[in-house]
Amino acid sequence: MVESADMLIIALHYVSHRDSNLAVDLAKAHGLTYATFNQHAKIPFEIALRTAAQRYEAAQVNAEE
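The following paragraphs examine the structure supplied in this document. Here the structure is a predicted model, which means the values were calculated and not measured.

Topic: the overall build of the protein chain
On a plain count of helices and strands, the protein chain comes out with two helices and two strands. Along the protein chain, helices (α) and strands (β) appear in the sequence β-α-β-α when read from the amino end. Across its three principal directions, the C-alpha atoms of the protein chain cover 40 × 25 × 15 Å. Within the protein chain, the fraction of its 65 residues that count as buried is 18%. Partitioning the intrachain contacts of the protein chain with sequence separation of at least 6 by distance along the chain shows that 62% fall at a separation of at least 24. Of the accessible surface of the protein chain, which amounts to about 5,000 Å², a share of 54% is contributed by carbon and sulfur atoms.

Quick word on the nonpolar core
General note: in soluble globular proteins, nonpolar side chains tend to be found buried as a group. Counting residues in each nonpolar core, the largest one holds five residues, listed as L8, I10, V24, A27 and L32. Those elements that provide at least two residues to this core are β1 (7–11) and α1 (17–29). In contact with A27, not counting residues within four places along its chain, are L8, L32 and Y34.

Focus: the pairing of β1
Here β1 shows a buried face lined by L8 and I10 and an unburied face lined by M7, I9 and A11. As paired strands, β1 and strand β2 (residues 33–37) are joined by five bridges and run parallel to one another. Counted as the bridge partner of A11 is F37 from β2. Read as a crossover between parallel neighbours, the route from β1 over α1 to β2 is right-handed.

A few points about the environment of V15
For V15, the location among the structural elements is in the loop between β1 and α1. Each C-alpha atom of the pair V15 and L49 lies 19 Å from the other, and the pair is 34 residues apart in sequence.

Concerning the side chain of T33
Structurally, T33 can be placed in strand β2. On the basis of relative accessible area, T33 is assigned to the buried category, the value being 10%.

What to know about the packing of aromatic side chains
A complete count under the given rule lists one aromatic pair for this structure. Ring centres of F37 and F45 lie 5.2 Å apart, and the angle between their planes is 75°; this geometry places the pair in the edge-to-face category. The class for F45 is partly exposed, based on a relative accessible area of 35%.

Rules and cut-offs
- Residues numbered from 1 in each chain as written.
- Predicted model: local features only at pLDDT ≥ 70, side-chain atom pairs only at ≥ 80, totals over all residues.
- Heavy atoms only, no water.
- Helix = DSSP H or I, 4+ residues; strand = E, 2+ residues; numbered from the N terminus.
- Buried < 20%, exposed > 50% of the residue type's maximum accessible area, 1.4 Å probe, protein only.
- Contact = heavy atoms within 4.5 Å.
- Areas by Shrake-Rupley, 256 points an atom, 1.4 Å probe, with all protein chains shown as cover.
- Core = buried A, V, L, I, M, F, W, Y, C linked by side-chain atoms within 4.5 Å.
- Pairing = 2+ DSSP bridges.
- Right-handed = clockwise from strand over helix to strand, strands pointing away.
- Phe/Tyr/Trp six-rings, centres within 6.5 Å; stacked < 30°, edge-to-face > 60°.

Take a look at the structure:
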């Protein structure tokens, strides 16, 4: 699933450091845009989603240049 994704939003709540680091490493290894959040509140998720979208858009612009 990671290989076919455009970006990853990684939820870190109740996840070990090892597993969260693995998720970030997978995103980096596949050249994917990613963002993380670690709370159940709606706002941190929205911030992570917006951050990933902005990073994805910036990566697309850089790829076109």
